Amino acid sequence: MSRQKIIIIDFGGPFSRNLAGKLRELGIYCEVKPYSSKLESLKQENTAGYIISGGADIGSADPALFDTGLFELGLPVLGLGFGAGFIAKHFGAEVFTEEGDMSEKQINKKGSADLLEGLNTSFIGKFFPGMHAAALPPAFEPLALCEDIGIAAYKLADRNIFGLFFHPEARMEEEGRVILKNFLFKICGCSGDWSMEDYVEKTIAELKAKIGDKKVLCGLSGGVDSTVAAVMVHKAVGKNLTCVFIDHGLLRKNEADAVEDLCRGEFDINLIKVDAQERFLSKLAGVEDPEKKRKIIGEEFIRAFEDVAREIGSVNYLVQGTIYPDIIESGVGAAVIKSHHNVGGLPDVLDFDEIIEPLRLLFKDEVRKAGLVLGIDEGLVYRQPFPGPGLGVRIIGEVTKEKADILREADAIFREEIAAAGLDRSINQYFAVLTNLRSVGVKNAARSYDYTVGLRGVVTTDFMNAEFARIPYDVLEKVSSRITSEVEGVNRVVYDVTSKPPATIEWE
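Summarised in this report is the structure supplied together with it. Just so we're clear, the structure is a prediction, and the values are computed from it rather than from any experiment.

Before going further, it helps to spend a moment on unusual backbone geometry. In this structure, the amide linkage connecting Lys500 to the following residue, Pro501, adopts the cis form with an omega of -10°. Looking at the secondary structure, you find Pro501 in the segment after strand E20 (490-495). With an omega of 15°, the peptide bond between Pro501 and Pro502 qualifies as cis. Along the polypeptide, Pro502 turns up in the segment after E20. The phi dihedral of Asn254 falls on the positive side, at around 65°, and the residue is not glycine. Its location among the elements puts Asn254 in the loop between strand E13 (241-247) and helix H7 (255-266). Positive phi outside glycine occurs at Asp268, with the angle close to 55°.

This is how it looks when you write it as structure tokens:
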């Protein structure tokens, strides 16, 4: 089977990550690499072409670190947004920087290049502030014009290098899909036959070849990612895998029982369950900074794994459920948004030979698809995402057992009512947060001074961008009523109506 790869070179902003998700929806396997990658690392086997992408917010990116030898490889290159301006400037075009907000503008085709084939003479493009071309030298062929900006698309006349000053992936249901398919299938010659079945089969084979008869240790956090990672490795090595479930006291209601049932019942996976609640809570005592909490929880997981490893003997590999957004948001090709449990807070020296991350190239929705391919029950695959640090990053401020117990009950009520309203599959992620805010209220006909619970619900396709979910008022009213009446220590409930960006999905 042909498996041509597209490499997306990231100059920052959210565009590259969104683009990767859109390409995979078209059956194209792709990877996001930072703009500073060495040329040798970009010359990967079976690469069919490159896309250079970035937005106005490229932070501290230094274009001088980009190896322009990429343009001499003879493979197709497409620049989008900042990428189009960067390519144009490199080949001698005059460029200028436009400021302002995102806007949709009319674009008029000029010429009949393959890149824009199938589009109407005039169509709409989504432009973001950034670099544009004021004039093109003779080596360029203009492909489309925009009245407000001038050049909207171009091609280097003697090679397959293209630039679009708009972002086609922002209009994937319309002209953008046509443009990307033209580049991928007609210009790069991709077959579009990449599938999750193919990925799972290939990954299991690679794991089997790599691990052989060596021993593997996997930490289960109770979330979808670690569960899918564990089952994938189990399919490859069977009883050579031992899963360690660390109950750190920061799990959702009934989470521990669900994890145990999955491992010992459905898949017959070796499981060691460790009650480490006091250990984690004592380490977190007095800690309020979210980054410190993440790092403490991440390191304690590793220390707990080491304790188990010493008991069970030699362990060669450690499995983690790291997924692609974790890698990207932790600083690949862009500024660090936040450190993730699976890629941050790990000590420099581990008592394991190597860390295995079978999901590190998958987005969240792809992890769920992989879970279904592996035969995991649909109800488990589509359960709510849960961060590695658990409720530790959903409790604002210091983490205590009392706060964890309050949040567990409030979160369970919220999830129950969302499911009862039939919204559990249309809202991609929803959960409760225990804020550090206490306010005056009235409970049981007496003055109270209790916590405020925040509710969060988002709709997203790739978890890189998200809109807050428009949950009906009657559902929110019922959730609020139940939480304030059934959960001790809570007298106020609020709903988060912030999208990502500017916020992240989690509060911490």
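Still more to cover.
Here we come to the layout of surface pockets. Space inside the second largest pocket adds up to approximately 470 Å³. Around the second largest pocket, the lining is made up of 19 residues, and of these Tyr199, Lys202, Thr203, Glu206 and Leu361 lie nearest the centre. When residues of the lining of the second largest pocket are traced back to their parent elements, those giving at least two are strand E2 (29-34), helix H5 (196-211) and strand E16 (354-356). Counted by class, the lining of the second largest pocket contains 7 nonpolar, 3 polar and 9 charged residues.

Formed by 87 residues in total, the largest nonpolar core has its most connected members in Leu220, Val453, Leu455, Ile471 and Ile483. Here this core takes 9 residues from helix H6 (residues 224-237), the largest share from any one element. Contacts of Leu455, omitting those with residues within four sequence positions, involve Phe414, Phe431, Ala432, Leu476, Val479, Ile483, Val493, Val494, Tyr495 and Asp496. One finds Phe11, Phe127, Cys146 and Leu156 within the second-largest nonpolar core, a separate group that totals 66 residues.

The end-to-end C-alpha distance of helix H9 (residues 290-312) is 33 Å, a good match for the 33 Å that 23 residues give at a rise of 1.5 Å each. The inward-facing, buried residues of H9 abut strand E12 (216-220), E13, strand E14 (270-275), helix H8 (277-284) and strand E15 (317-319). Sitting at the head of H9, Asp289 places a side-chain oxygen 3.1 Å from the backbone nitrogen of Glu291. Following H9 by one or two positions, Gly313 adopts a phi angle in the positive range, close to 100°.

The buried count for helix H3 (residues 82-90) comes to 7 of 9 residues, which makes it a mostly enclosed element. Looking only at H3, the buried set comprises Phe82, Gly83, Ala84, Gly85, Phe86, Ile87 and Ala88. Downstream of H3 by a residue or two, Gly92 has a phi angle that is positive, lying close to 100°.

It is worth spelling out the pairing of E14 at this point. Pairing of E13 with E14 involves 6 bridges; the strand directions are parallel. Note that in E14 the partner of Asp247 across the bridge is Asp275. As a crossover connection, the stretch from E13 through H7 into E14 is right-handed.

In this structure the tally under the stated criterion is 33 salt bridges. Residues Lys202 and Glu206 are paired through a salt bridge, measuring 2.3 Å at the closest nitrogen-oxygen approach. Linking Lys202 with Glu206, this pair stays in helix H5, spanning 4 residues, or about one helical turn. Its relative accessible area of 43% is what places Glu206 among the partly exposed residues.

What follows is about the sheet that holds E13. Ordered in space as E14-E13-E12-E15-E16, the 5 strands form an open sheet in which the pairing is parallel. In the strand order of this sheet, the two ends are held by E14 and E16, each with one partner. Between one strand and the next, the sheet's axes are offset by a mean angle of 25°, whatever the strand orientation. As paired elements, E12 and E13 share 5 bridges and run parallel to each other. Paired with Cys218 across the strands is Cys243, a residue of E13. Set on the sheet, H7 makes contact with E12, E13 and E14; between it and E14 the angle comes to about 160°.

Cut-offs and rules
- By convention here, each chain's residues receive numbers from 1 onward along its written sequence.
- Selection of residues for local features in this predicted model requires a pLDDT of at least 70, selection of side-chain atom pairs for listing and counting requires 80 or more, and totals for whole chains, interfaces and linings are taken over all residues.
- The side-chain values count all of the structure's non-hydrogen atoms but skip hydrogen atoms and water molecules.
- By definition, any uninterrupted DSSP run of H or I lasting at least four residues is a helix, any uninterrupted run of E lasting at least two residues is a strand, and each is numbered from the N terminus.
- A pocket here means an open set of points on a 1 Å grid, computed over the protein atoms alone, that has protein on both sides within 12 Å along at least five of seven lines. A cavity is instead a set of points where a 1.4 Å probe fits but cannot get out; residues with an atom within 4 Å of a point line either one.
- Grid points are joined across faces, edges and corners, and a volume is the space filled by probe spheres set on the points.
- Any residue outside Ala, Val, Leu, Ile, Met, Phe, Trp, Tyr, Cys, Pro, Asp, Glu, Lys and Arg is labelled polar, Gly included; the first ten of those are nonpolar and the last four are charged.
- What we call a nonpolar core is a set of buried Ala, Val, Leu, Ile, Met, Phe, Trp, Tyr and Cys residues that are connected through their side-chain atoms within 4.5 Å.
- Only protein chains enter the area calculation, which uses a 1.4 Å probe; residues under 20% of their type maximum are buried, those over 50% are exposed, and those in between are partly exposed.
- Pairs of residues are marked as contacts when any of their non-hydrogen atoms sit within 4.5 Å.
- To estimate the expected span of a helix, subtract one from its residue number and multiply by 1.5 Å.
- By the criterion applied in these results, polar contacts are pairs of N or O atoms within 3.5 Å in which, for protein atoms, one can donate a hydrogen and the other can accept it, and in which residues neighboring in sequence qualify only through two side-chain atoms.
- Strand pairing is assigned whenever DSSP identifies at least 2 bridges connecting the two strands.
- A crossover gets the label right-handed when its path from the first strand over the helix to the second runs clockwise, viewed with the strands pointing away from the viewer.
- Any Lys or Arg side-chain nitrogen found within 4 Å of a carboxyl oxygen on Asp or Glu counts as a salt bridge.
- With axes taken as lines fitted to C-alpha atoms, and helix axes fitted only over the stretch in contact, angles between N-to-C directions fall between 0 and 180 degrees.

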